[in-house]
Amino acid sequence: MVAEEYVLVTGGAGFIGSHTIVELLEKDIPVIVVDNMTNAVGGKEDDELPPVLQRIKSIVPPEKSQRMVFIKGSYGDEEILAKIFTKYKVSSVMHFGGFKAVGESKKLPMMYYSNNLGGSMKLIQVMQKHGVTKMIFSSSATVYSEPGPEDLPLTEKCPTGNCTCPYASTKYFIENMLKDLCHADPSWTVISLRYFNPVGAHPSGSIGEDPKGIPNNLMPYIAQVAVKRRSHLDIFGNDYPTKDGTGVRDYVHIVDLAKGHTAALDVLDQKKGFVAYNLGTGVGTSVLEMLKCFSEAVGRELPFKMCDRRPGDVAEVYCDPSLAAKELNWRATKTVADMCRDLWSFQSKNPNGYAS
Ligand code: WQD
């Protein structure tokens, strides 16, 4: 019997990783999930499946979800990785793992460089040792140098670097490390997916975004206002040169984003070297528009206050997603209304996230 080939998913208990695992299992692709659970709600016992993975088993038919193996640990732990690569046949790695809080990264840069950059280096070195040379990397729109209005929409040719925070710099540095690796060793192929603003939840309402502590990002914060965990939304600035004065971003449904990863996996073997793709809708939506749309999904007005701008924010960011359409045959299909409907379905069923 031919040994099963697995996709190793680091950070698979997280928001994007978990939604991607659903899509992989639905396509009968066996998955090994590695997550140290620092940023996700863990199982009661160490060997117990974390709630998010238990819920994946409720979404995906048993004959498919039985192909998910969970290993609690860090993607930078060489011992754990060596055991995995020795025990299982890993065809490729989807690397989601990493700390991702912008503000925290400014306070604790070395924690971010050690975990995100150092951990990724360890992962890559173990992959090399075991002859696994295919990776899909979870990157970010934040690797682009701060865009002015004349730079929009952002294409993959736009300049990267001069990032606004250590979190973004780690993504930028990891991309460059992978580029250099691919130049040095032509057996390597890396597809780097640059996410714009992932929001929403799986339509089942079983899995979604469950940030620890106070949400940094807009939509999980608004969702927590809706379930009365937060008193109101602070809108960071209404004096930007945008359609209504509030910040404009390219929001993309998390299920569309997850499908972008399986689309990349489908062509990974046909690619060579390092290639980056924007995953976004190409449409900019303002904070006030998102608030209005989410209020419509909830069925009532949500309280907010106008506040000063948040340092480091730019007025407007959205992408040109045409390269992913052309080369990955991937397009975002879901609307902002879909994002808000599905986010509300998850948050209303899980007011306290997975802890509930
Ligand atoms: C969106 C808009 C805010 C919160 C993130 C991070 C990072 C990256 C995605 C992966 C902005 C406004 C927000 C709030 C507000 N992910 N806002 N009140 O700023 O695009 O950055 O992009 O790499 O997570 O870099 O997303 O959701 O934080 O903010 O008014 O309480 O909402 O000013 O205009 P952003 P965001």
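## Considerations on the overall build of the protein chain
No. 1: For the protein chain, the helix and strand inventory stands at twelve helices and 13 strands.
No. 2: A compact globule built from 356 residues would reach a C-alpha radius of gyration of about 21 Å, and the protein chain, at 19 Å, matches this within 12%.
No. 3: Dimensions of the protein chain along its principal axes, counting C-alpha atoms only, are 60 × 45 × 40 Å.
No. 4: Split into buried and exposed, the 356 residues of the protein chain put 57% on the buried side.
No. 5: In the protein chain, 80% of the contacts between residues at least 6 apart in sequence involve partners at least 24 apart.
No. 6: Counting every atom, the protein chain has about 15,300 Å² of accessible surface; 52% of that belongs to carbon and sulfur.
No. 7: Measuring between centres, the 39 positive side-chain charges of the protein chain sit 2 Å from its 41 negative side-chain charges.

## Quick look at the pairing of strand β3 (residues 68-72)
No. 1: Of all the five residues making up β3, four are buried; the element is thus mostly covered by neighbouring parts of the structure.
No. 2: The sheet contact formed by strand β2 (residues 31-35) and β3 spans five bridges and is parallel. Within β3, the position partnered with Val 33 by the bridge is Phe 70.

## Here we look at the packing of helix α6 (residues 109-129) against helix α7 (residues 166-184)
No. 1: Across the interface, α6 lies against α7 with an axial gap of 9 Å and an inter-helix angle of 20°. Judged on the interaxial angle alone, α7 and α6 are roughly parallel. Seen along the crossing, α6 lies across α7 with a hand that is right-handed. Across the interface between the two elements, Pro 109, Tyr 112, Tyr 113, Asn 116, Leu 117, Ser 120, Met 121, Ile 124 and Gln 128 of α6 pack against Pro 166, Tyr 167, Ser 169, Thr 170, Phe 173, Ile 174, Met 177, Leu 178 and Leu 181 of α7.
No. 2: Per-class residue counts for the contact of α6 with α7 are 13 nonpolar, five polar and no charged.

## What to know about the nonpolar core
No. 1: If you look at the biggest cluster of nonpolar residues, it comprises 46 residues, and the most contacted ones within it are Ile 21, Ile 56, Leu 193 and Leu 328.
No. 2: Contributions of two or more residues to this core are made by β1 (5-10), α1 (15-26), β2, α2 (51-59), β3, β6 (189-195), α9 (254-267) and β11 (273-279).
No. 3: Per element, the largest residue contribution to this core is seven residues, and it comes from α9.
No. 4: Leaving out residues up to four positions away in the same chain, Ile 21 has contacts with Val 9, Gly 12, Val 31, Val 33, Leu 53, Ile 56 and Met 68.

## As for the sheet that holds β11
Within a sheet, each strand pairs with its neighbour through backbone hydrogen bonds, oriented either parallel or antiparallel.
No. 1: Ordered in space as β3-β2-β1-β4-β5-β6-β11, the seven strands form an open sheet in which the pairing is parallel. Only two strands of the sheet have a single partner each, and these edge strands are β3 and β11. Mean inter-strand twist for the sheet, computed between neighbouring axes without regard to direction, equals 20°.
No. 2: As defined by bridge partners, β1 adjoins β2 across four bridges and the pair is classed as parallel. If you follow Leu 8 over to β2, its bridge partner there is Ile 32.
No. 3: Where α9 meets the sheet, its contacts fall on β1, β4 (89-95), β5 (134-140), β6 and β11, and the angle it forms with β6 comes to roughly 165°.

## Section: α6
No. 1: Look at α6: 29 Å from first C-alpha to last across 21 residues, which is about the 30 Å you get at 1.5 Å a residue.
No. 2: Buried within α6 are the following residues: Tyr 112, Asn 115, Asn 116, Leu 117, Gly 119, Ser 120, Leu 123, Ile 124, Val 126 and Met 127.
No. 3: Gly 131 sits one or two residues past α6 and shows a positive phi near 70°.

## Structural notes on the packing of α1 against α2
No. 1: The geometry of α1 relative to α2 is characterised by a closest axis approach of 10 Å and an angle of 35° between their N-to-C directions. With respect to the hand of their crossing, α1 and α2 are arranged in right-handed fashion. In this structure, α1 uses Ser 18, Ile 21, Val 22, Leu 25 and Glu 26 to contact α2, whose residues at the interface are Val 52, Leu 53, Ile 56 and Ile 59.
No. 2: For the contact of α1 with α2, the class distribution of residues is seven nonpolar, one polar and one charged.

## What about empty space enclosed by the protein?
No. 1: Counted by the stated rule, this structure contains one cavity of 30 Å³ or more.
No. 2: The volume enclosed by the largest cavity comes to roughly 30 Å³.
No. 3: Every residue lining the largest cavity is listed: Tyr 75, Gly 97, Gly 98, Asn 116, Ser 120, Phe 137, Thr 170, Lys 171 and Ile 174.
No. 4: Listing elements by their share of the lining of the largest cavity, those giving two or more residues are α6 and α7.
No. 5: Of the residues belonging to the lining of the largest cavity, the class tally is three nonpolar, five polar and one charged.

## Remarks on the pattern of salt bridges
No. 1: For the coordinates displayed, the defined rule picks out 14 salt bridges.
No. 2: Of the charged contacts, one joins Glu 296 and Lys 292 as a salt bridge, the two residues approaching to 2.7 Å between their closest N and O atoms. Placement of both Glu 296 and Lys 292 in helix α10 (residues 287-298) is noted, with a separation of four residues, approximately one turn of the helix.
No. 3: By relative accessible area, Glu 296 is classed as exposed at 52%.

## Focus: the site of the ligand
No. 1: Taken together, 19 residues form the shell around the ligand, and within it Ser 140, Tyr 167, Leu 218, Arg 249 and Asp 313 come nearest.
No. 2: Contacts to the ligand include Asn 216, whose backbone N or O atom sits 3.4 Å from an oxygen atom.
No. 3: In the environment of the ligand, an oxygen atom lies 2.9 Å from a nitrogen or oxygen atom belonging to the backbone of Phe 236.
No. 4: Within the complex, the protein chains bury 91% of what would otherwise be the 700 Å² of accessible surface of the ligand.
No. 5: Here the element with the most residues in the shell around the ligand is strand β8 (residues 233-236); it accounts for four residues.

What counts, and where the lines are drawn
- Residues numbered from 1 in each chain as written.
- Predicted model: local features only at pLDDT ≥ 70, side-chain atom pairs only at ≥ 80, totals over all residues.
- Heavy atoms only, no water.
- Helix = DSSP H or I, 4+ residues; strand = E, 2+ residues; numbered from the N terminus.
- Rg over C-alpha atoms; globule rule 2.2 N^0.38 Å.
- Buried < 20%, exposed > 50% of the residue type's maximum accessible area, 1.4 Å probe, protein only.
- Contact = heavy atoms within 4.5 Å.
- Areas by Shrake-Rupley, 256 points an atom, 1.4 Å probe, with all protein chains shown as cover.
- Lys, Arg positive; Asp, Glu negative; His and termini not counted.
- Charge placed at Lys NZ, Arg CZ, Asp CG, Glu CD.
- Pairing = 2+ DSSP bridges.
- Axes fitted to C-alpha atoms, helices over the stretch in contact; angles between N-to-C directions.
- Parallel < 35°, antiparallel > 145°, perpendicular 65-115°, else oblique.
- Left-handed = near helix turned anticlockwise from the far one by under 90°.
- Nonpolar A, V, L, I, M, F, W, Y, C, P; charged D, E, K, R; others polar.
- Core = buried A, V, L, I, M, F, W, Y, C linked by side-chain atoms within 4.5 Å.
- Expected span 1.5 Å × (residues − 1).
- 1 Å grid on protein atoms, 1.4 Å probe; cavity = no way out; pocket = protein on both sides within 12 Å on 5 of 7 lines; lining within 4 Å.
- Points joined across faces, edges and corners; volume = space filled by probe spheres on them.
- Salt bridge = Lys/Arg side-chain N within 4 Å of Asp/Glu carboxyl O.
- Near = heavy atom within 4 Å.
- Polar contact = N/O pair within 3.5 Å; in protein donor to acceptor, adjacent residues only side chain to side chain.

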